[in-house]
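# Analysis of the macromolecular model
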Number of protein chains: 2
Amino acid sequence: MHILITGASGMIGRKLTAALVAKGSLQDQPITGLTLVDITAPVLPDGVPGAALAADLSDAAAAPALIDARPDVIFHLAAIVSGEAEADLHKGYAVNLHGTLALCDAITRQEDYRPRFVFASSIAVFGAPLPDVIPDDQPTLPLTSYGTQKAMGEMLISDLSRRGALDGIALRLPTICIRPGKPNAAASGFYSSILREPLVGDPAVLPVPDTTRHWFASPRAAVGFLIHAAEMDLTPLGQNRALSLPGVDATVGDEIAALERIAGPKAVALIRREPDATIAKIVAGWPQAFDPARARALGFEAEPDMDAIIRAHIEDELDGRIPVAD
Amino acid sequence: MHILITGASGMIGRKLTAALVAKGSLQDQPITGLTLVDITAPVLPDGVPGAALAADLSDAAAAPALIDARPDVIFHLAAIVSGEAEADLHKGYAVNLHGTLALCDAITRQEDYRPRFVFASSIAVFGAPLPDVIPDDQPTLPLTSYGTQKAMGEMLISDLSRRGALDGIALRLPTICIRPGKPNAAASGFYSSILREPLVGDPAVLPVPDTTRHWFASPRAAVGFLIHAAEMDLTPLGQNRALSLPGVDATVGDEIAALERIAGPKAVALIRREPDATIAKIVAGWPQAFDPARARALGFEAEPDMDAIIRAHIEDELDGRIPVAD
Ligand SMILES: NC(=O)c1ccc[n+]([C@@H]2O[C@H](COP(=O)([O-])OP(=O)(O)OC[C@H]3O[C@@H](n4cnc5c(N)ncnc54)[C@H](O)[C@@H]3O)[C@@H](O)[C@H]2O)c1
Ligand SMILES: NC(=O)c1ccc[n+]([C@@H]2O[C@H](COP(=O)([O-])OP(=O)(O)OC[C@H]3O[C@@H](n4cnc5c(N)ncnc54)[C@H](O)[C@@H]3O)[C@@H](O)[C@H]2O)c1
């Protein structure tokens, strides 16, 4: 079992790598090769057979070199995020669309090769006006270039799967929460930071009203989705290989209530409300909740609630401790 | 008013060129330049200022040369048809997707430039399972590579229009009927040939049952759609720049009944029923009828019925004569 992970230096890429190494096998076959690629050189864990490569996937020459090795399973995670794709039109299309096109093109140029292709899509393929709860047959009408690039990738993967050129699936990951690490510039950053910072005793800013509702899954759940997508039989998906995934439907108020239950009022007091009209406007165009019946029937599972999301973070990032409560 | 037409040697391209030359103006401005481009060199009508160029739009070098002249209105019609895109995976993506991407990319690299961009999409962006009458918010789930490439182009145009890089619209043309000229290999060819051939006294083969239902517009209506799309205010379209168009909802039986009303039983007797399971299966996945409320509200109009479609053909292609009835 030879696995290729693009975007392997990223947040999800690193966690997926660790999970695969811990598992040791995929589709019941021992992992004999792990190729990690990212624009910033990934780190291949000690003792794991494989390679860590620095490559820019927006350069059309990069893909054939990776695909010539004919990996059995490809996790395509490399992307620039929503804010950057909006700020830099050409870079967004180069990485998020042409990167995916080049990878798929290289696959279709191999003979007798049909790898499992797991593509990290996003709920950003949907944009307002949207129903409160988004059904599986909701049309994809993105409001951002990032969402457009992901939606185009989804269509490509459905078409190439139908043609038998690859066996693909596009997972519309919920917003990952709690995203570990430093606060970043993403408009969605506050959803994680109002939990992550207070848990370790640091202040956090909340730019939107407590009633703001959104769709979340933990990094651990995201890795679970990706591995399940790589192992399951994809035939039941039929022609439409894009899937909205289970998640936790929560308001900012729900996040704060869960934080209080788990870490106490001292944590909650670290959240400062500083309304930001720009962020509130961006967020208002985003999906709120889903009814991901197809994905659930196919065995995809997320956390049951925000408490479980916070507990997963405490276990995976804080060694089971809650610094603010110490 | 400088106009660029890609695919100008094609069936619709030639008719659009003629209509624009006859009209002399677009958006109430005199046409001062007409650039025609196709892989097979187009013919620029006598006395018209402009250029006729042979270029392959799947070659990324072609687009910048065309866009450097900063045409005010671009009709992007160049494409290979469904059957060819299915038979040749790489050519389909090269022409129908990368050709569109390259043209749009060249546009976004100009400063202070926002041309009207009219893209010929297709009802092939929809595939079974479909409701009998397709509403405007039907998700695009193509069953062919051609439909996939058109749907990806639609998304690109919506995104670039939202960003102000161009002022675009994607028209999902109904199946054009009666397509003039020789019978071709397209799976949809019989919809035209069962009318076109008998009208001139030639035999035609019908490979599907009389109950087969589909969505049609004449070449004349298609040209009308394109010109309307180039002249109207696109603001009311909002974020979603793709539009399903009005057409005639007719069964094969309706086509034959209209032929009989207009050209008599002698014409109808020239149709030979020769069921073809392969064609019947392809056709079964296609849209049957639409409720194109958005397009109608925006002033798009097709023929009222199959009789009008046949009469348009007799006027435009047969000098008003019906040879089989002579
Ligand atoms: N984190 C989320 O909330 C979320 C939600 C939905 C979808 N996703 C998607 O999941 C995937 C992984 O997300 P993440 O949170 O780990 O993001 P991340 O930004 O942490 O990781 C993405 C990685 O892609 C790499 N990359 C960017 N451009 C590249 C290029 N030209 N060539 C090679 N590598 C390049 C980056 O260096 C980075 O390491 C992305 O495709 C993202 O769009 C994430
Ligand atoms: N005719 C229909 O029923 C119908 C229905 C829906 C949509 N459309 C779309 O309308 C447009 C025009 O249709 P048509 O019926 O005139 O088709 P057509 O095949 O007659 O014309 C298409 C033209 O594009 C040109 N072309 C192909 N590859 C090219 C390349 N690489 N570079 C430059 N030019 C290239 C061809 O030479 C041809 O002249 C197409 O985009 C088609 O997909 C047509």
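Residues numbered from 1 in each chain as written. Chains lettered and ligands numbered in written order. Predicted model: local features only at pLDDT ≥ 70, side-chain atom pairs only at ≥ 80, totals over all residues. Heavy atoms only, no water.

## Describing the interface of chain B and chain A
- Chain B puts 30 residues into the contact, and the matching count from chain A is 30 residues.
- Buried surface at the junction of chain B and chain A, summed over both partners, amounts to about 2600 Å²; 61% is from carbon and sulfur atoms.
- Among the residues of chain B in contact with chain A, His90(B), Met155(B) and Arg163(B) are the three that bury the most area, contributing 24% of the side total.
- There are 4 salt bridges connecting chain B and chain A.
- A salt bridge links Glu86(A) to Arg162(B); the nearest nitrogen and oxygen atoms lie 2.9 Å apart.
- If you look at where chain B meets chain A, you find 20 residue pairs in polar contact (both at pLDDT 80 or more).
- Those elements giving two or more residues to the side of chain B that touches chain A turn out to be α3 (82-87), α4 (89-108) and α5 (145-162) of chain B.
- Here the side of chain B that touches chain A gets 9 residues from one element, more than from any other, and that element is α5(B).
- Of the residues that constitute the side of chain B that touches chain A, the class distribution is 14 nonpolar, 9 polar and 7 charged. (Contact = heavy atoms within 4.5 Å. Buried area = accessible area lost by both parts, 1.4 Å probe. Salt bridge = Lys/Arg side-chain N within 4 Å of Asp/Glu carboxyl O. Polar contact = N/O pair within 3.5 Å; in protein donor to acceptor, adjacent residues only side chain to side chain. Helix = DSSP H or I, 4+ residues; strand = E, 2+ residues; numbered from the N terminus. Nonpolar A, V, L, I, M, F, W, Y, C, P; charged D, E, K, R; others polar.)

## Side note on the domain arrangement of chain A
All names here are of chain A.
- Taken domain by domain, chain A comprises domain 1 (2-176 + 217-244) and domain 2 (189-214 + 248-289 + 304-325).
- The straight-line distance from the C-alpha centre of domain 1 to that of domain 2 is 28 Å.
- Where domain 1 abuts domain 2, roughly 1100 Å² becomes buried across the two surfaces, and 50% of that area is made up of carbon and sulfur atoms.
- Together, Asp132, Thr175 and Arg220 form the three largest contributors to the area buried by domain 1 at its contact with domain 2, with a combined 38%.
- Taken together, domain 1 and domain 2 are joined by 3 salt bridges.
- The partner of Arg220 in a salt bridge is Glu315, and the shortest N-O contact between them spans 2.7 Å.
- Linking domain 1 to domain 2 there are 7 residue pairs in polar contact (both at pLDDT 80 or more).
- Those elements giving two or more residues to the side of domain 1 that touches domain 2 turn out to be β8 (133-134) and β10 (175-176).
- In terms of residue class, the side of domain 1 that touches domain 2 is built from 9 nonpolar, 3 polar and 3 charged. (Domains from an automatic or database assignment.)

## So, the pattern of salt bridges
- Under the counting rule described, the total for this entry stands at 38 salt bridges over all chains.
- The closest approach of N and O atoms between Asp326(B) and Arg321(B), which form a salt bridge, is 2.7 Å.
- A relative accessible area of 61% means that Asp326(B) is categorised as exposed.
- A residue is classified by how much of its surface remains accessible, and Arg321(B), at 45% relative accessible area, is partly exposed.
- One connected set of salt bridges, linked through shared partners, spans Glu86(A), Asp159(B), Arg162(B) and Arg163(B). (Buried < 20%, exposed > 50% of the residue type's maximum accessible area, 1.4 Å probe, protein only.)

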